Amino acid sequence: MAEKSIEQTKRFTEMVAAKQGWILTKDPAFYDDLVTGLTTNWNRYGYYLCPCRDSEGSREADADVLCPCAYAKGDAETYGHCFCSLYWSPEFARSGKSPSGIPDRRGGS
Ligand code: SF4
């Protein structure tokens, strides 16, 4: 599988945000960290495993946490941003608030 570059991953996050109607985190250094994490995960596992979570060992086991994860929509609606705070809802972006730690819904909680 071809390796992804940082630029390709940035384009991926921009595409996801545009498709879902989300805003990318407004913290440039944090954005760079998350993009680096996603790129590293792609090049290690062959898929965009969430940069804030550990792999369960296979693409099938990680299916719920391929970015954008199965929990992102609900978390954006409830908390204003996804678990990693990579993607924000437009309302949250307008609020001027800073992201906070939110519970990880993975695992059925
Ligand atoms: S929490 Fe979900 S949407 Fe946010 S970066 Fe991780 S996988 Fe992507």
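Up top is the structure these notes are about.
In this text the structure is predicted, and so the values were computed from the model without any measurement. (Residues numbered from 1 in each chain as written. Predicted model: local features only at pLDDT ≥ 70, side-chain atom pairs only at ≥ 80, totals over all residues.)

(A) Summary view of the overall build of the protein. Along the protein, the regular secondary structure elements total 4 helices and 2 strands. Start at the N end of the protein and walk to the C end: the helices and strands fall as α-β-α-α-β-α. By its C-alpha atoms, the protein is 40 × 35 × 25 Å across when sized along the principal axes. (Helix = DSSP H or I, 4+ residues; strand = E, 2+ residues; numbered from the N terminus.)

(B) Focus on the nonpolar core. Residues L38, C50, C82, C84 and Y87 are the most contacted members of the largest nonpolar core, which totals 19 residues. Looking at this core, the elements with two or more residues in it are α2 (28–45), α3 (72–79) and β2 (87–88). If you tally residues by element for this core, the top one is α2, at 4 residues. Apart from residues no more than four positions distant in its own chain, Y87 is found in contact with A17, Q20, W22, L24, P68, A72, A76, H81 and C82. (Core = buried A, V, L, I, M, F, W, Y, C linked by C-beta atoms within 7 Å. Buried ≥ 20, exposed ≤ 12 C-beta atoms within 10 Å, placed from the backbone. Contact = placed C-beta atoms within 7 Å.)

(C) Spatial organisation of the site of the ligand. Taken together, 13 residues form the shell around the ligand, and within it C50, C67, C69, C82 and F83 come nearest. By residue class, the composition of the shell around the ligand is 13 nonpolar, no polar and no charged. (Near = placed C-beta within 6 Å. Nonpolar A, V, L, I, M, F, W, Y, C, P; charged D, E, K, R; others polar.)

(D) How the structure looks around α2. In this model α2 runs 25 Å from its N-terminal to its C-terminal C-alpha over 18 residues, within 8% of the 26 Å that 1.5 Å per residue would give. Those residues of α2 that fall on the buried side of the exposure criterion are L34, V35, L38, T39, N41 and W42. All buried residues of α2 lie within an arc of 160° about the axis, which places them on one face of the element. Facing away from the buried side of α2, by more than 90 degrees, are the exposed residues A29, D32 and R44. Buried residues belonging to α2 abut α1 (6–20). G46 sits one or two residues past α2 and shows a positive phi near 90°. (Expected span 1.5 Å × (residues − 1). Arc of directions from axis to C-beta.)

(E) Broad picture of the environment of T13. Looking at where T13 falls in the secondary structure, it is placed in helix α1. With 21 C-beta atoms counted inside 10 Å, the residue T13 sits in the buried group. With 55 residues separating them along the chain, T13 and P68 place their C-alpha atoms 8.7 Å apart. Not counting chain neighbours up to four residues away, the residues in contact with T13 comprise L24, V35 and L86.

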